[in-house]
Amino acid sequence: MESPDQIVHDAIFDFLPDATLVIDRNGIVIAWNKAMETMTGVPAEAMLGKGDYEYAIPFYKERRPILVNLVFLSEAELEQKYDTIERTGDTLVVDVFVPQFRPGGAYLWAKASPLYDDKGTVIGAIETVRDITDRKLAEQEMAKTTREMAEIIDFLPDATLVIDREGNVIAWNNAMEKMTGVPAEAMLGKGNYEYALPFYKERRPILVNLVFMPEVELEEKYDTVERIGDTLVVDIFIPDFKPGGVFLWAKASPLYDPQGNVIGAIETIRDITDRKRAEQEIVRSRRSLSDIISFLPDATLAIDCDGVVITWNKAMEDLTGIPAEQMIGKGDYEYALPFYHDRRPMLANLILMPEAEVENHYTHVKREGDTLVVDTFIQSLRGRTGRYFWAKASPLSDPQGNVIGAIETIRDITERREMEGKLARSNAELTIAADIQRSFMPEEIPRISGFDIAARTVMAKEVGGDFFDVIPFEIIALDKGMLGLLVADVSGKGVPAALFMALSRIVVRVNALWHRDPAKAIFDANNIITADSKSGMFVTLFFGTLKEEDRTLTYVNAGHNPPVVYRSRDGTLEELLPTGIVLGAAENREFFSQTITIGPGDIVVMYTDGVTESINAQEELFGEERLNAIIRDNAHRSSHEILERILSGVREFTGDMPQFDDITLLVIRGT
């Protein structure tokens, strides 16, 4: 007969949320928990006592060593044969893709450690396996989106770079590589103005850095830079860039996140040396304007003061299908026919109108000094329907400054506008979803005598699956002085997780108000959620009823990270282990309520795995030990201060690494 300690040990092992197996020194399976049964479909009784790598068959369809077997290898032998495995002390950790595990394969995270007897002799090994397929696929999708945006930037015809708020290069496109001769891989991630070296041969701010300067400071130091809204534009001559120097046109704008915060800046650079030299040549030799315009990359026309076409360049021929010889010399707005199918003024004509008349009749035209700019939609051009065009027109002056005509440049921006529209719609939908989700979170936590409570959720994306709730029971007179406290984590990410979160929150809240026993409330909630969970999503949660009268917390832990309890009397830490399975996995599963007392100075910290599974640049987990240390070191502080110390501890640990998972914390402190 098993001892009580052994029964408790087996129960705890069986309720571990991660799939876990244990082998002895001879490679024989001596433990195979419920989560491993669920993951592999192999019951414990069919695996216990088996050796000869039989436990590898559910994963690899063949007998072969798995991570738990490698624990017995020497470090040198391990490094020689398995360079993808990370060793931390005597523990091995690996991320691996197993194509045979299920249709389409699965990404698994595994961790294995040796087991010792009381004399320090290795008697076996334990391995924990976690299915991280959803997380990996989400990471791949994020990488795909980032790659697609990078490809868009890479195909821009103008040399383009992007920096983040710290001045580090995050994009350096193909045109920039060609312009500077510096490949992207040699520049990405670089800061300290290294991107200025190809142009100026020294580290110094360039236009993209000036975006971050206040307007007053910019005007004081850089009077040649033109500001148009939040965009900076400059023409500059750089004598050291190429032999003989080069004229560059540059345009820089800030980049914003969905909340309107500046997160970086983008600069586009165009080599306008040819154009500048051509303009200088015009002044010197009075060459024909049309000879120069013919070499411009954008579709361009020029008219004289009578509205007669004097230049119709090659790009304009390509855009309209009308050769220059058929258009030069024509007036009466004939040049508008290819665009509008009727004779009407174009932007170049507006240049010749008085400013007041333009502003009275053409409100959608933007004036920048003596230049007019417009974005417009044209219904049909050469059989192609629905095209967006950007057009810019300026006056032409003779050497004495007299206006002798106007020039207009036209650029097809359809693809850019369509992309902007898609991004705007996507951002709007995410913003609405985020606003709705934030509305579910309690704005204030009701006060309850004898306790100090703080809670917060930090989403990894605009929307997510973590949530907390505070259920005020005082709406029923007999329940005055009671609060329902809930912390939960929905599987998955993004909008699907947010929708499942909303369902779970409502179901749990309704059942919590109906049943006073948390176990009964969660039992009914689980049946409802399981019936509605068609996509295989589930939710882990910790729900408890806090009572003012006897200072107790009666709780159910449904497969959630065990909350940490700090006891002020002796500084010890406890964990509130699972008392049931996750919600949404199976109907009619039993849940058990447990009760603890929270004395003055005692602390309960409920959290989601976004805290302990945050990683740093070395791919180390934040882990329970760091969390426990913060709780112990700050036990004398208020619940809000403890919560903030935990969040700041996670931020300091992860550094520049992105937040991969939502983080939720709820802290109770006895007063």
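Each remark here, short or long, concerns the structure printed above.
Computed from a prediction, not measured in an experiment: that's the story for all the values here.

A. Representation of the pairing of strand S22 (residues 539–547) in the model. Among the nine residues of S22, eight are classified as buried, and the element is accordingly described as predominantly covered. Relative to S22, strand S21 (residues 482–490) runs antiparallel, the two sharing nine bridges. Paired with Leu-483 across the bridge in S22 is Leu-546. Direction of pairing for S22 relative to strand S23 (residues 552–558): antiparallel, over a ladder of seven bridges. In the sheet register, Gly-544 faces S23, and the bridge partner there is Tyr-555.

B. Structural view of the nonpolar core. Counting residues in each nonpolar core, the largest one holds 33 residues, and the members touching the most others are Leu-161, Trp-172, Tyr-195, Phe-199, Leu-207 and Ile-269. Contributing elements (two or more residues each) for this core: strand S7 (159–164), strand S8 (169–172), helix H8 (174–180), helix H9 (197–200), helix H10 (207–210), strand S10 (231–238), strand S11 (246–256) and strand S12 (262–271). Once residues within four sequence positions are removed from consideration, Tyr-195 is found in contact with Leu-161, Ile-163, Gly-167, Val-169, Trp-172, Met-187, Lys-190, Ile-206, Val-208 and Asn-209. Ala-44, Phe-59, Phe-101 and Ala-112 belong to the second-largest nonpolar core, a separate cluster that totals 32 residues.

C. Seen up close, helix H21 (residues 518–532). When the terminal C-alpha atoms of H21 are compared, their 21 Å separation across 15 residues agrees well with the 21 Å that a helix rising 1.5 Å per residue should span. Three or more residues of H21 are buried, namely Pro-518, Ala-519, Ala-521, Ile-522, Ala-525, Asn-526, Asn-527, Ile-529 and Thr-530. Two or three places before Ala-519, at the opening of H21, Asp-517 has a side-chain oxygen 3.1 Å from that residue's backbone nitrogen.

D. Molecular detail of the sheet that holds strand S26 (residues 594–597). Strand order across the open sheet formed by five strands is S20-S21-S22-S23-S26, with antiparallel pairing between neighbours. Bordering the open sheet on either side are strand S20 (466–472) and S26, each of which pairs with just one other strand. Strand after strand, the sheet turns through a mean of 20 degrees between neighbouring axes, direction not considered. Two strands pair when backbone bridges link them, and S23 and S26 are joined in this way by four bridges, in the antiparallel orientation. If you follow Tyr-555 over to S26, its bridge partner there is Gln-594. Relative to S23, H21 is tilted by about 30 degrees, and along the sheet it contacts S22 and S23.

E. Spotlight on the pattern of salt bridges. Under the criterion given, the structure shown has 29 salt bridges. Of the charged contacts in the structure, one is a salt bridge between Glu-194 and Arg-203, with a shortest N-O distance of 3.5 Å. Judged by its relative accessible area of 41%, Arg-203 falls in the partly exposed class. Several salt bridges converge on common partners, so that one network encompasses Lys-50, Asp-52, Glu-54 and Arg-63.

F. Layout of the layout of surface pockets. Of the pockets and cavities examined, the second largest pocket occupies roughly 310 Å³. In this structure, the second largest pocket is lined by 18 residues; those nearest its centre are Tyr-60, Arg-64, Leu-67, Val-94 and Val-96. Sorting elements by how many residues they give to the lining of the second largest pocket places strand S4 (residues 91–98) first, with four residues. For the lining of the second largest pocket, the per-class residue count stands at 14 nonpolar, one polar and three charged.

G. Local environment of the environment of Gly-369. Its location among the elements puts Gly-369 in the loop between strand S15 (366–368) and strand S16 (371–381). Overall, the relative accessible area of 62% leaves Gly-369 in the exposed class.

H. Quick peek at the packing of aromatic side chains. Scanning the entire structure with this criterion turns up eleven aromatic pairs. Ring geometry for Phe-59 and Phe-101: centres 5.2 Å apart, planes at 20 degrees, overall stacked. Taken together, the positions of Phe-59 in helix H4 (residues 57–60) and Phe-101 in the loop between S4 and strand S5 (106–116) put the pair 42 residues apart, joining distant regions of the chain. Between Phe-237 and Phe-247 the ring centres are 4.7 Å apart and the planes differ by 50 degrees, which places this aromatic pair in the tilted class. Residue Phe-237 is found in strand S10, and its partner Phe-247 is found in strand S11; the two are separated by ten residues along the sequence. Accessibility expressed as a relative area gives 37% for Phe-237, which makes it partly exposed. In this structure, Arg-165 packs its charged tip against the face of Phe-212, placed 4.3 Å from the ring centre.

Scoring rules and cut-offs
- Residues numbered from 1 in each chain as written.
- Predicted model: local features only at pLDDT ≥ 70, side-chain atom pairs only at ≥ 80, totals over all residues.
- Heavy atoms only, no water.
- Buried < 20%, exposed > 50% of the residue type's maximum accessible area, 1.4 Å probe, protein only.
- Helix = DSSP H or I, 4+ residues; strand = E, 2+ residues; numbered from the N terminus.
- Pairing = 2+ DSSP bridges.
- Core = buried A, V, L, I, M, F, W, Y, C linked by side-chain atoms within 4.5 Å.
- Contact = heavy atoms within 4.5 Å.
- Expected span 1.5 Å × (residues − 1).
- Polar contact = N/O pair within 3.5 Å; in protein donor to acceptor, adjacent residues only side chain to side chain.
- Axes fitted to C-alpha atoms, helices over the stretch in contact; angles between N-to-C directions.
- Salt bridge = Lys/Arg side-chain N within 4 Å of Asp/Glu carboxyl O.
- 1 Å grid on protein atoms, 1.4 Å probe; cavity = no way out; pocket = protein on both sides within 12 Å on 5 of 7 lines; lining within 4 Å.
- Points joined across faces, edges and corners; volume = space filled by probe spheres on them.
- Nonpolar A, V, L, I, M, F, W, Y, C, P; charged D, E, K, R; others polar.
- Phe/Tyr/Trp six-rings, centres within 6.5 Å; stacked < 30°, edge-to-face > 60°.
- Lys NZ or Arg CZ within 6 Å of the ring centre and 35° of its normal.

Taken by themselves, the reported measurements are silent on function.
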